[in-house]
Amino acid sequence: MTSPFVGRVAELAEVDRVVRRAARDHSPGAVLIVGEPGTGKSRLLREIAGEGGGMPPISLVGFEPTETIPLAAVGELVRRLAAVPVHGPRLEALVFGATRSRGQGALAVFEAASRALAAFGPLVLVIDDLQWIDPQSLALIHYLLDASESRTRPFVVIAGSRPSSAATTFRSGIAGRLPDARRAWIELRGLSIDEGVTLARALDRSLDDRAASVVWQRAKGSPFWVEALALGRGSTDAVDLVTDRLRGLSVDGAETLNALTVAARPIPRRDLAALGDVPIERLGHAIGELVGRGLAIESGGSVRLAHDLIREAAATGIPIETRRRLHARLAEHIESGAGDDLQRLAEAIDHRAAAGLPKSALAVRILGSPTRRLIDGETLRGLASIADSLEPGAPDRIELDVGLGTLAAELGDQHLAIRHWRRAGGATTDAAVRLRAELEAARAAYVLGLAPDVRAHLARARQGVVDPVSAIELDTVEAELELWIEHDTASGAASAARAVAGGRALADGVGGPDRLSVETRQAFVAALEAATDAALQQERADDVLRLGEEALAVAGSLGDEARLGALLRSAFAYRTLGLWRESAAWYREAWEISQRLILPISMIEAGLGYARVLHGLGRLDEARAVAEDTNALESRIRPWRRWDTSKAVLHEIEVSRGDPGALAKLQADATEVDPHFAITLHLFAATWIARQDGGRRAEAVERELAAARESSTLAGCPRCAREVRVVAAEALARIGRVDEAEAELATWERAYEGPEYVARSLWRTRAQAAIAMELGDAGALTALTALIDAFDAAGKLEEATWARLDAGRVLRESGDRAAAITILSRAADDAERAGAEGLGRVVRRALRELGVRAWRRGATRRGRDAFAELTGREREVAELAAGGASNREIADALVLSPKTVERHLTNILAKAGARNRTELSSRILAGRVRESPDDEDVARA
C-alpha cells in the first residue's frame with residue numbers, strides 16, 4: 001500500500017515561499033532538500049510535485065547506473081521542451097542525434113534548452129536523488145537557472161539528495177546565482193513523535209498511541225522505517241524487516257527482484273521478461289508478489305524497487321554469476337535498440353563492464369555517435385582506459401585511438417588528443433592513418449602553443465607519401481604556427497600561399513571548387529582563412545578582400561556552419577580595413593545564422609563584432625541591445641575567457657553614451673581580456689581621454705598608451721604593433737607631445753610599404769590633423785575637412801562628429817565664430833542622433849565657450865522615413881506590439897528579456913515619432929508613418 005503523507009508542514013511552507021516569490025518576481029528559484037536514506041525525501045518531493053505551486057511540474061529522478069551517462073537524467077525535461085514550437089525541434093535534434101551538425105557540444109544543447117524553456121513558460125522542476133544526477137544534466141540545470149535569471153522567467157528547481165558532493169556543489173551553485181529570497185536549503189530530519197504516531201496508526205489501525213510511539217522510537221523518526229515496522233506485524237528489528245520481506249519469495253519473484261536490483265532503475269514490464277528467466281505468462285504474478293510485499297512499485301507501465309534501502313539489501317544476496325548474467329543481458333538488450341543514441345550506448349557499456357565483457361566495439365560506436373560531443377571529460381577518460389587495456393598495436397586499439405584523438409580535440413582536451421594520435425601513428429602500418437595521426441597531433445600541439453612539437457609532427461608527416469589534400473592541410477598548420485606562435489609573418493604568408501595554391505590547383509583540375517569533395521573544400525577554406533590572416537598582418541588590403549570573398553564562395557557549398565565561420569572571418573577583416581558598412585552586413589548575417597542554429601560560441605563572436613561595428617556606425621541603441629544580449633549569453637557560459645568580452649564592448653558603448661563610470665569600467669576590462677584585444681581597449685581609452693581633455697589628463701593618456709604597447713608586445717602581432725604607433729601619434733599630439741607624435745607617425749609610415757586602404761588613410765589623416773592642430777598649422781582645417789568627408793563616406797557617424805568638433809575648435813581659434821557655430825551645431829545634432837551623449841556634452845561645452853546656449857532636442861526625428869529606419873529586430877517587436885502583445889509575450893516570442901523589449905519599444909516610439917503604443921499600432925497597421933509636426937529645432941542664441 002502507499003503510505004499517507006504526514007507532517008513536513010514547515011518544509012512545505014519553505015518550498016511554497018520560494019515558489020511564490022519566484023512566480024511573483026518572474027525569476028528563478030531553487031530549493032535543496034538533504035536527508036539520509038529513509039527520511040522521506042522521495043515522498044516529500046512527490047507531494048511537492050503534486051501541488052506545483054501554481055506552475056506545471058516536471059519530475060526527474062537520478063539513478064546510480066546512469067550517473068556517468070551524459071544528460072541521462074534530463075530526458076523527460078528535454079522531451080517536454082522538445083514539443084515547444086521553433087526551438088523544441090532544434091533541441092531534440094541536438095540531444096537525440098537527429099542531425100549530424102557539428103554544433104558546439106553541450107553548450108548548444110544548453111542554449112537550445114534555455115530558449116525552449118522561455119517559450120514553454122513557468123515551470124517547477126522536481127529532482128529526486130540528485131546525488132546520482134550525471135554532471136552534464138546538473139550543468140544544464142544550472143545553465144537554465146542562469147538563463148531564467150537573465151530573462152526574468154519563473155523557473156524553480158526543487159532537488160532532494162542524500163548528503164553528497166553533488167548536493168554540496170548544487171548548494172554552492174545556487175548560492176552564487178540566486179538571492180536569499182529565492183533559495184532555500186532544508187535538512188530533512190526524522191518525523192516528530194506526533195507525526196510518527198499518526199503515520200504508524202494510519203498504516204496499522206490496530207496500533208494504539210503507545211504501540212505507535214514504540215514504532216516511532218525504534219524507527220528513530222525515519223518515515224521509511226516507521227512504515228516498515230508498522231507493516232511488519234510484530235517485527236522488532238528495523239534492518240531485519242527488509243530481509244524478512246525478501247525471504248520466502250517464489251523463484252519467479254526472486255528472479256524479477258534480481259533483475260530490478262541490477263538494473264537499478266525503472267524497467268518497462270515488457271523488458272523484464274527479456275532480462276530474467278521468468279516467462280511472460282508468469283511475470284505478472286511475480287510483479288504482483290513484489291508489489292504486495294512492499295518491495296516494488298508499478299507505475300506508468302514500468303516497475304521499480306520501492307526504495308533504495310530495499311535495493312541495497314537485495315543486492316547483497318545476488319550471487320556474482322547471477323549479477324554478471326543480468327548485466328550481460330541488460331547490455332545486449334540496450335545495445336540491440338540503441339542505434340546511435342549516446343545515452344543508451346553509454347548505459348550499455350557500463351553493463352558490459354559489470355558483466356566482464358569486451359567493450360571496445362561498443363566504445364567505437366559511442367565515438368561515432370552524432371551526439372558524441374555531449375560526452376564529458378570523465379566519460380572520455382573512461383573510454384580512453386578501454387583503449388589502454390587493449391594489446392598495443394591491436395587493430396581495435398588503433399581504431400579507438402583514432403576516435404579518441406578526434407573527439408578529445410573536438411572537446412578541447414588537446415593533451416589527450418596528442419596522446420592518442422601519437423599512439424595511433426606509432427602503432428599503425430597504414431601510411432594514410434599515420435599521416436593523419438601526425439597531422440592531427442600537430443593541430444592539437446598548435447592549439448596548446450607547443451611550437452617544437454608542431455614542427456616535429458609536421459616533419460614526420462612529410463616523411464612519407466603526402467596526398468594533395470594533406471599537403472594543403474600541412475601547409476595550413478605550418479602557416480598558422482608561423483603567423484600566431486612564431487610571429488614570422490613573411491614565412492606564414494608563404495606557407496599559406498602554398499596551401500591556397502594547392503587548393504586552387506585541385507579546384508581547377510575538377511572544374512571548380514563546388515566539384516571538390518567535402519574534405520577537400522574544408523581544407524581549402526582553412527587555407528584561405530590562414531592566407532587572409534597573413535594578408536591582414538601584412539596589411540595587403542586587396543588580398544584580404546579577395547581571399548575573404550573566395551573563402552565565402554567555397555564555404556557556402558559546405559552548409560550554414562561553414563558559411564558562418566567564413567562570414568565571421570570576412571566581417572572581422574572588413575572591419576579591420578575600415579569597411580564598416582560591409583562588415584556590418586557580414587556580421588548581421590553571421591548573427592542571424594548563429595542564432596538560428598543556436599551555436600553559442602559563434603553567437604558570442606558574432607554579437608561582439610556586430611555590436612562593435614554598430615557602435616562605430618553611430619547606431620548606439622542597436623549596438624547596446626546586441627551587446628547586452630551577447631553579455632547575457634556570456635554570463636551563462638562560465639567561465640567565458642576567449643578573446644574579447646561583450647562586457648568590454650558594452651562599456652565602450654556606455655562611454656560614448658556618457659554613462660557615469662563607464663570609462664573606469666572599460667579600463668578594468670582591459671585587465672581581463674586577451675592581450676590582443678586589450679590593445680583595442682587601451683587605445684580607445686587613450687583616444688577618448690585625449691580628445692575630451694587634452695593636456696589636462698596627459699598622465700592618464702600616457703598610462704593607457706604604455707599599457708597598449710605592453711599588450712602589443714604580449715600579443716606579438718605586427719599589424720597591431722603598427723596600429724598602436726599611429727593611434728599613439730594622435731593621442732600624443734593632443735596632449736602636447738608633438739615631437740613624439742611626429743616620430744611615431746614617421747615610424748609607422750616606414751614600417752609598411754603595402755597598398756593604401758580605408759582604415760590606414762583615416763589613421764594617417766587623423767594623426768596629421770591632431771599634429772597640425774597642436775602646432776596651429778593652417779593646414780589643420782583642410783585635413784579635418786578631408787577627415788569629415790571620409791568618415792561620412794564610411795558611415796562612421798561618431799568619428800565624423802569628433803572631426804567636426806575639432807574643426808569647430810580650429811575655426812574658433814582662427815576667429816571665424818559663425819563658421820565654428822555652424823559646424824559645431826551640426827556636430828551636436830549628429831551626437832544626439834547617434835545617442836552619443838558623452839560626446840554631445842563635449843560639443844555643447846564647445847558651443848557654450850562661443851556664447852551659444854544649446855539644448856538637447858529630447859524628442860527624436862519624425863517623418864515619413866522614420867519607420868524605415870527601424871532595425872530588423874525593432875520591426876519584429878513593433879509588429880508584435882501592434883498585434884496587442886504585452887512586453888512579456890514579446891519577450892517570450894523573440895527569446896529576449898523584458899528589459900530588452902522595453903528598450904526596443906522606447907527606440908521604436910522615438911524613431912516613429914509615436915507617443916505611445918496605441919499611436920504606434922495605428923501607424924503600423926496603416927502601413928505607413930504619418931507626418932507629425934516637426935520638433936522645434938535646437939534653440940540657439
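Structure: see above.
Predicted model, so just to flag it, every value in this text is computed and none were measured.

S.K.: So what about the overall build of the protein? Which residues, and what values?
M.R.: Each helix and strand counted, the protein has 46 helices and eight strands in total. For the protein, the spread of C-alpha atoms along the three principal axes comes to 110 × 70 × 55 Å. Nonlocal contacts in the protein, meaning residues at least 24 apart in sequence, comprise 68% of its contacts between residues at least 6 apart. Per element, the accessible surface of the protein, about 38,700 Å² overall, is 51% carbon and sulfur.

S.K.: Explain the packing of helix 6 (residues 135-151) against helix 31 (residues 620-636) to me, using residue names and the numbers behind them.
M.R.: Orientation of helix 6 relative to helix 31, taken along the N-to-C sense of each, is 155 degrees, at an axis distance of 9 Å. As judged from the angle between their axes, helix 6 and helix 31 are roughly antiparallel. Once helix 6 is placed against helix 31, the crossing between them reads as right-handed. Of helix 31, the residues touching helix 6 (which contributes Tyr143, Asp146, Ala147, Ser150 and Arg151) are Ala632, Leu633, Ser635 and Arg636. Looking at side-chain class alone, the contact of helix 6 with helix 31 contains four nonpolar, two polar and three charged residues.

S.K.: How would you summarise unusual backbone geometry if you had to cite specific residues and measurements?
M.R.: Although it is not a glycine, glutamate 539 sits at a positive phi angle of roughly 55 degrees. In this fold, glutamate 539 is placed in the loop between helix 26 (518-537) and helix 27 (541-556). In this structure, isoleucine 598 takes a positive phi of about 55 degrees despite not being glycine. Structurally, isoleucine 598 can be placed in the loop between helix 29 (580-597) and helix 30 (600-616).

S.K.: I'd like a description of the environment of leucine 439, backed by residues and values.
M.R.: Within the secondary structure, leucine 439 is located in helix 22 (residues 431-447). Note: C-alpha distance between leucine 439 and alanine 611 (172 residues apart in sequence) is 37 Å. Residues within four places of leucine 439 in sequence aside, it is in contact with Glu473, Leu474 and Val477.

S.K.: If you had to explain the packing of aromatic side chains to someone new, which residues and values would you point to?
M.R.: For the structure on display, the rule yields four aromatic pairs. For the ring pair phenylalanine 224 and tryptophan 225, a centre distance of 4.8 Å and an interplane angle of 80 degrees mean the geometry is edge-to-face. Overall, the relative accessible area of 16% leaves tryptophan 225 in the buried class. Between tryptophan 688 and tryptophan 802 the ring centres are 5.2 Å apart and the planes differ by 90 degrees, which places this aromatic pair in the edge-to-face class. Here the residue tryptophan 688 occupies a position in helix 34 (residues 675-693), and tryptophan 802 occupies one in helix 40 (residues 797-814), the gap between them amounting to 114 residues. As far as burial versus exposure is concerned, tryptophan 688 and tryptophan 802 are alike and both buried. Above the ring of tryptophan 185, the side-chain terminus of arginine 171 is found at 3.8 Å from the ring centroid. Residue placement shows arginine 760 over the ring face of tryptophan 748; its charged tip is 3.9 Å from the ring centre.

S.K.: Tell me what's going on with the pattern of salt bridges, and back it up with residues and numbers.
M.R.: Counting across every chain of the model gives 82 salt bridges. Salt-bridge contacts for glutamate 589 lead to arginine 563; the nearest nitrogen and oxygen are separated by 2.8 Å. Here the residue glutamate 589 occupies a position in helix 29, and arginine 563 occupies one in helix 28 (residues 560-577), the gap between them amounting to 26 residues. Owing to a relative accessible area of 21%, arginine 563 belongs among the partly exposed residues under this scheme. A salt bridge links arginine 804 to aspartate 830; its shortest N-O distance comes to 3.6 Å. Of this pair, arginine 804 sits in helix 40 while aspartate 830 sits in helix 41 (residues 817-834); the two residues are 26 residues apart in sequence, bridging distant segments of the chain. A residue is classified by how much of its surface remains accessible, and arginine 804, at 6% relative accessible area, is buried. Overall, aspartate 830 belongs to the buried group, its relative accessible area being 3%. Overlapping salt bridges, with partners in common, bring together Arg455, Arg462, Asp475, Glu478, Glu482, Glu486 and Arg498 in one network.

S.K.: If you had to explain the side chain of asparagine 907 to someone new, which residues and values would you point to?
M.R.: Along the chain, asparagine 907 falls in helix 45 (residues 898-912). Discounting chain neighbours no more than four positions away, the residues touching asparagine 907 are Asp621 and Glu874.

Rules and cut-offs
Residues numbered from 1 in each chain as written. Predicted model: local features only at pLDDT ≥ 70, side-chain atom pairs only at ≥ 80, totals over all residues. Heavy atoms only, no water. Helix = DSSP H or I, 4+ residues; strand = E, 2+ residues; numbered from the N terminus. Contact = heavy atoms within 4.5 Å. Areas by Shrake-Rupley, 256 points an atom, 1.4 Å probe, with all protein chains shown as cover. Axes fitted to C-alpha atoms, helices over the stretch in contact; angles between N-to-C directions. Parallel < 35°, antiparallel > 145°, perpendicular 65-115°, else oblique. Left-handed = near helix turned anticlockwise from the far one by under 90°. Nonpolar A, V, L, I, M, F, W, Y, C, P; charged D, E, K, R; others polar. Phe/Tyr/Trp six-rings, centres within 6.5 Å; stacked < 30°, edge-to-face > 60°. Buried < 20%, exposed > 50% of the residue type's maximum accessible area, 1.4 Å probe, protein only. Lys NZ or Arg CZ within 6 Å of the ring centre and 35° of its normal. Salt bridge = Lys/Arg side-chain N within 4 Å of Asp/Glu carboxyl O.

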